[in-house]
Amino acid sequence: MHHLLKRTLLVTGATLLSSGMAYAQTSKPDLSEPPEIEGGVVGDHGSVTLRMGLGLAESSPQYISSQYFADILDQRSEGRISVNIFPNSQLGDDVQMMEMLQTGTLDMTYPSSSPATGYVEELAVFDLPFLLPTREAAIEAMRSDAAQEMLDAFDGTGIKALAFAENGFRQLSNSAREVSSPEDVAGLDVRGLSVRTMENPVHLAIWQALGANPTPMAFGELFSAMEQGVVDGQENPWSTILTSNFYEVQDYGSETRHVYTPFIKMISQRTWDRLDPEYQELVQEAALQAADYEIQLSSEYDDWAREQLEERGMQITRLNDEQIAAFQEAVQPVYDEWAPRIGEDLVAEFQRLAESAAAQ
Ligand code: TK8
């Protein structure tokens, strides 16, 4: 759908809405309630206020699960531990907020694993394209011993990594053309798509292998870059494309599911070291509970967000097995380059976990 037509429809929709004639647009699906908060009240070790910076919007699974995290701490400390959440990248982007944890100017953040490979390079295993084809495989991988070793490997960086959660399956969106093949990305008689990537070398390699012109960029700059035509497209889960309003500047979506990205719930080592051991135990437990809830929310968002995007005018192309296979073949060079650098054993372990999840 041409973006001018879509913009007309949006204006029409807004007019109808203001006149009360259009249906109410809910901001999120009918989400599961968070699990009952279990566990007793911890001892009184003083009052603590934790400042947490998030990249995504208040309607995102990332924010909603962080509220649950805050509720657990509040209830089990009788209000002595409170969490102030700052969403929408208002305190900075993933890289900046991780640096703020290192200096102690921010207490917690919840970035994607991809921009954190500078701290723990093995995290790049999650960036290998099509490695984790299902949510079951991704959960097996995130809850594996190998994944825990990656969290532990943050020791000494000034960041304590508490738990993996779900950002989700990444999908391509763009404002130039429908894409259902690597040739559509590269453009045969037109230029290759300019695609924003996260600040991560494997993602850069993926889009180079597909013939795109990739541009690493902080998430907080992405909307205006697309609005101004600095980049044609980007890639994120449907729920992010919806809750960050990317559909306003992106006409086409392609269900590539090319990478499953985790989030990592993190706390500043300086903040952690100041907490009483009983508070530390509670924060760690609450982080894992919030991470499990976030995975549930994200799975509930997936298909609903795609339908919402189509209702808002995005033309979304679903890819069949042969079309996915063409993308998998085109990005094989990424494995040739990066599997040895990440560690063949770790890659093989994740492939084994993915196969065992598929067999269940
Ligand atoms: C939000 C980011 C975002 C990520 C990206 O802070 O940068 O595209 O997928 O969700 O972590």
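Under an unreviewed UniProt entry, the name given to the protein chain is TRAP transporter substrate-binding protein, and the source organism is Vreelandella nanhaiensis.

**Student:** I keep staring at the overall build of the protein chain and nothing clicks. Help me out?
**Tutor:** Of the regular secondary structure elements, the protein chain holds 14 helices and 11 strands. A globule of 360 residues ought to have a C-alpha radius of gyration of about 21 Å, and the protein chain, at 21 Å, matches this closely. Principal-axis analysis of the C-alpha atoms places the extent of the protein chain at approximately 65 × 60 × 40 Å. In the protein chain, which comprises 360 residues, the share counted as buried stands at 56%. Of all intrachain contacts in the protein chain linking residues separated by at least 6 positions in sequence, the fraction that spans at least 24 positions is 77%. Accessible surface for the protein chain amounts to roughly 15,100 Å². Of this, 48% is attributable to carbon and sulfur atoms.

**Student:** Quick question: what am I supposed to make of a negative patch on the surface here?
**Tutor:** Judged by side-chain charge, D145, E149, D152 and D155 come together as a negatively charged surface patch. Relative to the elements of secondary structure, E149 occurs in helix α5 (residues 145-152).

**Student:** Honestly, unusual backbone geometry in this entry has me stumped. Any pointers?
**Tutor:** Most peptide bonds take the trans form, and the phi angle of most residues other than glycine is negative. Look at E78: it is not a glycine, yet its phi comes out positive at around 50 degrees. Within the secondary structure, E78 sits in the loop between α2 (61-76) and β2 (81-86).

**Student:** Would you mind showing me how to read the site of the ligand here?
**Tutor:** Near the ligand, the surroundings consist of G55, L56, D94, S112, N167, R170, R196, M198, F219, N236 and F263. Note that an oxygen atom of the ligand is positioned 2.9 Å from one of the side-chain N or O atoms of N167. One of the side-chain nitrogen or oxygen atoms of N236 is found 2.6 Å away from an oxygen atom of the ligand. If you count residues domain by domain, the shell around the ligand takes at least three from each of domain 1 (9-167 + 262-307) and domain 2 (171-259 + 312-359).

**Student:** Would you mind going over helix α13 (residues 332-342) with me for this structure?
**Tutor:** Three- or four-residue spacings in an α-helix give side chains the same orientation, since the helix completes a turn every 3.6 residues. Within α13, burial applies to V334, Y335, W338, A339 and I342. One side of α13 carries all its buried residues, which in axial view fall inside an arc of 115 degrees. Every exposed residue of α13 that faces more than 90 degrees away from the buried side is listed here: D336 and R341. G343, located one to two residues past α13, shows a positive phi value of around 125 degrees.

**Student:** Looking at this structure, I do not really get the domain arrangement of the protein chain. What am I missing?
**Tutor:** You'll often see interface size given as the accessible area lost when the parts meet. By domain assignment, the protein chain separates into domain 1 (9-167 + 262-307) and domain 2 (171-259 + 312-359). For domain 1 and domain 2, the distance between their C-alpha centres works out to 23 Å. Facing the 40 residues of domain 1 at the interface are 42 residues of domain 2. Where domain 1 abuts domain 2, roughly 3,600 Å² becomes buried across the two surfaces, and 68% of that area is made up of carbon and sulfur atoms. On inspection of domain 1 and its partner domain 2, the count reaches one salt bridge. With its nearest N and O atoms 2.9 Å apart, the salt bridge here joins R306 to E255. Counting across the domain 1 and domain 2 interface gives seven residue pairs in polar contact (both at pLDDT 80 or more). In terms of residues, the side of domain 1 that touches domain 2 owes the most to one element, helix α11 (residues 277-311), which gives five residues.

**Student:** Please clarify how the nonpolar core should be interpreted in this entry.
**Tutor:** A general tendency of soluble globular proteins is for nonpolar side chains to be buried together. V125, F126, L128, L132 and F350 are the most contacted members of the largest nonpolar core, which has 59 residues in total. Broken down by element, this core gets its largest block of residues, six residues, from helix α14 (residues 344-359). Among the domains, domain 1 (9-167 + 262-307) and domain 2 (171-259 + 312-359) are the pair contributing at least three residues each to this core. Setting aside anything within four residues of it in sequence, one finds L132 in contact with F126, A137, A138, A141, F169, Y260, F350 and A354.

Cut-offs and rules
Residues numbered from 1 in each chain as written. Predicted model: local features only at pLDDT ≥ 70, side-chain atom pairs only at ≥ 80, totals over all residues. Heavy atoms only, no water. Helix = DSSP H or I, 4+ residues; strand = E, 2+ residues; numbered from the N terminus. Rg over C-alpha atoms; globule rule 2.2 N^0.38 Å. Buried < 20%, exposed > 50% of the residue type's maximum accessible area, 1.4 Å probe, protein only. Contact = heavy atoms within 4.5 Å. Areas by Shrake-Rupley, 256 points an atom, 1.4 Å probe, with all protein chains shown as cover. Patch = residues over 30% accessible without salt bridge, like charges linked within 9 Å, V, L, I, M, F, W, Y side chains within 5 Å. Salt bridge = Lys/Arg side-chain N within 4 Å of Asp/Glu carboxyl O. Lys, Arg positive; Asp, Glu negative; His and termini not counted. Charge placed at Lys NZ, Arg CZ, Asp CG, Glu CD. Near = heavy atom within 4 Å. Polar contact = N/O pair within 3.5 Å; in protein donor to acceptor, adjacent residues only side chain to side chain. Domains from an automatic or database assignment. Arc of directions from axis to C-beta. Buried area = accessible area lost by both parts, 1.4 Å probe. Core = buried A, V, L, I, M, F, W, Y, C linked by side-chain atoms within 4.5 Å.

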